[in-house]
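Spelled out, the chains give:
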Amino acid sequence: MAYDKFSVLTSSAVPMPIENVDTDQIIPARFLKATERKGFGDNLFRDWRFNADNTPKRDFVLNNPIYTGKILVGGRNFGSGSSREHAAWAIYDYGFRCVVSSFFADIFKNNSLNIGILPVQVSEAFLDKIFRAIEADPATQLEVNLPAQTITIKTTGDHESFEINTYKKHNLTNGFDDIDYLQAMKSEIKEFAGKSIY
Amino acid sequence: MSKSGATLFDKVWDSHVVRKIADGPDVLFIDRHFIHEVTSPVAFLGLEGRHLSVLFPEKTFATADHNTPTINQHLPVQDPLSANQLKALEVNAAKYGISHWGLGNPKNGIVHVVGPENGITLPGMTIVCGDSHTSTHGAFGAIAFGIGTSEVEMVLSSQCIMQPKPKKMRINVDGKLGRGITPKDVVLYIISKLTAAGATGYFVEFAGEVFEKMSMEGRMTVCNMSIEMGARGGMIAPDETTFSYIKGREKAPKGAEWDKKLAYWKTLPTEQGATFDKEYHFSGADIEPMITYGTNPGMGIGITQHIPLAAGAGGSKSSYEKSLGYMGFHENDAMLGKKVDYVFVGSCTNGRIEDFRAFASIVKDRHVAPGVTAWIVPGSHIVEQQIKDEGILDILVAAGFQLRQPGCSACLAMNDDKIPAGKYAVSTSNRNFEGRQGPGARTLLASPLVAAAAAVTGVVTDPRTLLAE
Ligand code: SF4
């Protein structure tokens, strides 16, 4: 599925200083029953966001109108657990294009990159600076610059660089995905398959 | 063909690289692809959208498991959304010529149980599935890991995925396990030491005497949970235990083909002098029956221990307090004696015949405790049949238990098997995340022996006190 190209994103951010946010929290299993990729944003963080009677939980950050923006900032080990890509879909569908944390679970990172969300891994100290900046001013703008591979807290000027491999960077900046790449090397794959013993 | 000092992981990975991309991922060829009803429909839609077909349909196997009911499987599935997904799997499998073991098929069951038991999973293979516990198949010396739906679409259309090669970790457990200590305890112990993110970025090899002596089913339990320490997957070198498990299974190689593969499989184990990016050593004698007290699988302790203080638990204090608050527990509480409302035995972690034998060894001649609801769910129809054939069903029934029909069930509660909010469940599954077994459910992960001890006493109990001498 094609996604929007990613270059420089400047936005306020939603802070979620919780560690080990797992994909069962991002999208509970009972919302995985769709056969189409539609409407997952409505159930993003469902059980943290809503009470059993579907009224919003006042103290959850997504229900607090002072926090908005296209960047989600999470605690250490974000996205652990299930391989469900639905978690990344829900984050994308809700309107986030970038997730910042000091550590990501592997599958979540892959899934995000595959659908056009940029996972930005920063140091523990920088993550802390972001949380403090947003606490001081919820409208704090972050600039995520993919070509330069930097993230900057606009109000303080603090910045850090982040890693991404050249291949994935190229894909994200151009809106390409792995399927496009693999289709272009089909004859090489078929030849390889011919030699496989399984 | 083996390089000196090469690891099992290197040998399997390197022999599957179709192309290396400079400062990018490897294009990895996939030998076996398992699909199920939940993570495949959007991948098939994607194929349609791009006018692509399935490149090698004979390398993909479909089974329905995640949201199938565990009672009255002969009746139409009640939940329209679940029914819709099951139908989509059936239609897509038929359309593209993929073998499909749907509800009612005698081979149906949880994807990670049916792959090995039918001889589809073999040493030296690369195996993927849109389910993180695909790591289970690593027990055979295969590279097996979970993928997302975009990757399912990649494998369907090109039989490849694109992954950077993970780093390598070896976890050695030497010595002997005490009485009543099961593979589940071994892996929960390791995760408690490494934490839920301790192996992120790594592929793990489990080695040492404890794994060498372990049955295939036990090895599957261990590799199954490698994802719960953040690892991409886990694997164990194939040996005689592996070969005798595979031999004769329906889809296993036969005759001359067997001899050829066997000779190859014997070249796979890690060589002397191989180096790993990280290595751990544990002693089997230190391991107690384990149980978790928090909301990630790293929050586990020996069953006779007390819940650690926040200061000693690692991670942030607020996350720790949130976790204990959800569980309704406090620092320094003893786990023994805590009330249990539900017991779930099943899942791809502990839903194989040995697990039900273990459970039965304790409930035999005892009775389910008042107030305990137990869901006993085999991992497949073949396991269900073994339970009946071995007389385990009679033991269960005499003790007041019922056997349900195979599927993922309360492991992720996508069907009707949901633990009610606030209730405590001792579960042999793999995740104790908030709400994993139903909104508000509180999960204590443990072995089938600990589950049995809880089922007959109604509280957390050390199974060693109930084991026959
Ligand atoms: S039993 Fe649980 S972990 Fe295993 S495949 Fe089913 S849902 Fe996934």
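Think of each chain on its own: its residues are numbered from 1, step by step along the sequence as written. Written order decides the labels, with chains lettered from A and ligands numbered from 1. Restriction of local features to residues with pLDDT of at least 70 applies here, the model being predicted, together with a cutoff of 80 or more for giving and counting side-chain atom pairs; totals for whole chains, interfaces and linings are based on all residues. The side-chain figures draw on all heavy atoms in the structure; neither hydrogens nor water molecules are used.

Concerning the interface of chain B and chain A
Should any heavy atoms of two residues lie within 4.5 Å, those residues are considered in contact. In this complex, chain B contributes 73 residues to the contact, which on the side of chain A involves 54 residues. Defined here as a combined quantity, buried area equals the accessible surface (1.4 Å probe) lost by two parts on assembly, summed across both. Contact between chain B and chain A buries roughly 5,200 Å² in total, counting both sides, with carbon and sulfur atoms accounting for 59%. For the chain B face of the interface with chain A, the top three residues by lost area are R19, R50 and M162 of chain B, together amounting to 10%. Here a salt bridge means any side-chain nitrogen of Lys or Arg lying within 4 Å of a carboxyl oxygen belonging to Asp or Glu. Remark: the boundary between chain B and chain A carries five salt bridges. Between R19 of chain B and E188 of chain A there is a salt bridge, with its nearest N and O atoms 2.6 Å apart. Any pair of nitrogen or oxygen atoms within 3.5 Å is treated as a polar contact; in protein, a donor-acceptor pairing is required on top of that, and neighbouring residues in sequence qualify only through side-chain atoms on both sides. Linking chain B with chain A are 30 residue pairs in polar contact (both at pLDDT 80 or more), by the criterion used here. To qualify as a helix, a DSSP run of H or I must reach at least 4 residues; to qualify as a strand, a run of E must reach at least 2; elements of each kind are numbered from the N terminus. Mapped onto the side of chain B that touches chain A, the elements with two or more residues apiece are β1 (17-20), β2 (26-29), α2 (41-49), α3 (80-96), α5 (149-158), β8 (160-163), α10 (255-265) and α11 (317-327) of chain B.

Concerning the packing of helix α4 (residues 106-115) of chain A against α5 of chain B
Axis definition: a line fitted to C-alpha atoms, limited for helices to the stretch in contact. Angles are taken between N-to-C directions and run from 0 to 180 degrees. Where α4 of chain A meets α5 of chain B, the axes come as close as 8 Å, and the angle between the chain directions of the two elements is 75°. Our classification of the angle between α4 of chain A and α5 of chain B gives roughly perpendicular. Taking contact as the criterion, the partners of N110, N111, N114 and I115 of chain A in α4 of chain A are, on α5 of chain B, S150, E151 and M154 of chain B. Amino acids are sorted into nonpolar (Ala, Val, Leu, Ile, Met, Phe, Trp, Tyr, Cys and Pro), charged (Asp, Glu, Lys and Arg) and polar (every other residue, Gly among them). A per-class count over the contact of α4 of chain A with α5 of chain B returns two nonpolar, four polar and one charged. These descriptions rest on fixed angle ranges, namely under 35 degrees for roughly parallel, over 145 for roughly antiparallel, 65 to 115 for roughly perpendicular, and the rest for oblique.

Side note on the site of the ligand
Residue and element names in this part refer to chain B. What makes a residue near a molecule or strand is one non-hydrogen atom of that residue sitting within 4 Å of it. Around the ligand lies a shell formed by H66, I110, H112, D131, H133, S347, C348, C408, C411, L412, N430 and R436. Here the residues of the shell around the ligand are counted per class, giving five nonpolar, five polar and two charged. In terms of domain composition, the shell around the ligand takes at least three residues from each of domain 1 (1-288) and domain 2 (290-465). Here the bounds of each domain stem from an automatic or database domain assignment.

Points about the domain arrangement of chain B
Buried accessible area, meaning the area lost when the parts come together, often serves as the stated size of an interface. Residues and elements named next belong to chain B. Along its sequence, chain B is carved into domain 1 (1-288) and domain 2 (290-465). Between domain 1 and domain 2, the C-alpha centre-to-centre distance is 24 Å. Contacts between domain 1 and domain 2 engage 46 residues on the former and 44 residues on the latter. Broken down residue by residue, the surface that domain 1 buries against domain 2 is led by T70, I110 and E288, which jointly contribute 20%. Where domain 1 touches domain 2, the interface holds two salt bridges. Ionic pairing is found between R431 and E228, a salt bridge with its closest N-O pair at 3.0 Å. Applying the counting criterion to the domain 1 and domain 2 interface returns 29 residue pairs in polar contact (both at pLDDT 80 or more). Classifying every residue of the side of domain 1 that touches domain 2 gives 15 nonpolar, 23 polar and eight charged.

Some words on the sheet that holds strand β6 (residues 126-129) of chain B
Hydrogen bonds between backbone groups are what pair the strands of a sheet, and the pairing can be parallel or antiparallel. Residues and elements named next belong to chain B. Whether two strands pair depends on DSSP finding at least two bridges between them. Taking strand neighbours across the sheet as the criterion, the five strands line up as β5-β4-β3-β6-β7 in an open arrangement whose pairing is parallel. On the outer flanks of this sheet lie β5 (99-101) and β7 (143-146), each paired with one strand and no other. For this sheet, the mean inter-axis angle between neighbouring strands, taken without regard to orientation, is 20°. Pairing of strand β3 (residues 32-35) with β6 involves three bridges; the strand directions are parallel. Within β6, the residue paired with H33 across the bridge is V128. Seen against the sheet, α5 touches β3, β4 (60-63) and β6 and runs at an angle of roughly 130° to β3.

A few points about the nonpolar core
Core analysis: the biggest nonpolar cluster contains 113 residues, and F45 of chain A together with F359 of chain B have the highest contact counts within it. Discounting chain neighbours no more than four positions away, the residues touching F359 of chain B are V343, V345, I376, L396, F401, P448, A451, A452 and A455 of chain B. Nonpolar cores were defined as sets of buried Ala, Val, Leu, Ile, Met, Phe, Trp, Tyr and Cys residues, with membership established by side-chain atoms within 4.5 Å. For each residue, the accessible area found with a 1.4 Å probe, counting protein chains only, is set against the maximum for its type, and the residue is called buried under 20%, exposed over 50%, and partly exposed in between. If you look at the next biggest cluster of nonpolar residues, it comprises 102 residues, including F29, V77, I190 and M216 of chain B.

Remarks on the sheet that holds β1 of chain B
If you walk across this open sheet you meet the three strands as β1-β2-β8 (chain B), and the pairing is antiparallel. In this open sheet, the two strands that pair with only one neighbour each are β1 and β8 of chain B. Neighbour to neighbour, the strand axes of the sheet diverge by 20° on average, direction disregarded. Examined bridge by bridge, β1 of chain B and β2 of chain B share three bridges and lie antiparallel to one another. Bridged to R19 of chain B within β2 of chain B is V27 of chain B. Packed on one face of the sheet, helix α8 (residues 186-195) of chain A meets β1, β2 and β8 of chain B and runs near 145° to β1 of chain B.

Re helix α3 (residues 86-94) of chain A
Counting buried residues in α3 of chain A gives seven out of nine residues, a clear majority hidden from the surface. Here α3 of chain A has its buried residues at H86, A87, A88, W89, A90, I91 and Y92 of chain A. Elements in contact with the buried residues of α3 of chain A: α1 (23-26), β3 (98-101) and α4 of chain A together with α2 and α5 of chain B. Following α3 of chain A by one or two positions, G95 of chain A has its phi on the positive side, about 125°.

Details of the confidence of the model for chain B
Note: pLDDT gives the predictor's confidence per residue, expressed from 0 to 100. Of all residues in chain B, 99% attain a pLDDT of 70 or more, and the chain-wide mean is 95. Two summary scores accompany this predicted model of the complex, namely pTM at 0.94 and ipTM at 0.91.

Considerations on the pairing of strand β2 (residues 71-74) of chain A
Residues and elements named next belong to chain A. Side chains I71 and V73 project from β2 onto one buried face, and the interleaved L72 and G74 project onto a second face that is buried too. Taken together, the four bridges between strand β1 (residues 8-16) and β2 define a ladder with parallel strand orientation. Bridge pairing links V14 to L72 in β2. The pairing of β2 with β3 spans three bridges and is parallel. If you follow I71 over to β3, its bridge partner there is C98. Clockwise travel from the first strand over the helix to the second, with the strands pointing away from the viewer, marks a crossover as right-handed. At this point the chain moves from β2, through α3, to the parallel β3, and the crossover so formed is right-handed.

As for unusual backbone geometry
All names here are of chain B. Phi is positive for H51, close to 55°, though the residue is something other than glycine. Among the secondary structure elements, H51 is positioned in the loop between α2 and β4. Overall, H51 belongs to the exposed group, its relative accessible area being 73%. Positive phi is not limited to glycine here, since S347 has a value of about 80°. Here S347 lies in the loop between β15 (342-345) and α12 (353-363).

A short note on the packing of helix α6 (residues 183-194) of chain B against helix α8 (residues 216-224) of chain B
All names here are of chain B. At a closest axis distance of 8 Å, the pairing of α6 and α8 adopts a crossing angle of 25°. Between α6 and α8, the angle falls in the class roughly parallel. Handedness of the crossing formed by α6 with α8: right-handed. Residue-level inspection shows P183, K184 and V187 of α6 in contact with α8, the latter providing G218, T221 and V222. For the contact of α6 with α8, the residue count by class is three nonpolar, two polar and one charged. For a crossing to be left-handed, the near helix must be turned anticlockwise from the far one by less than a right angle; the clockwise case is right-handed.

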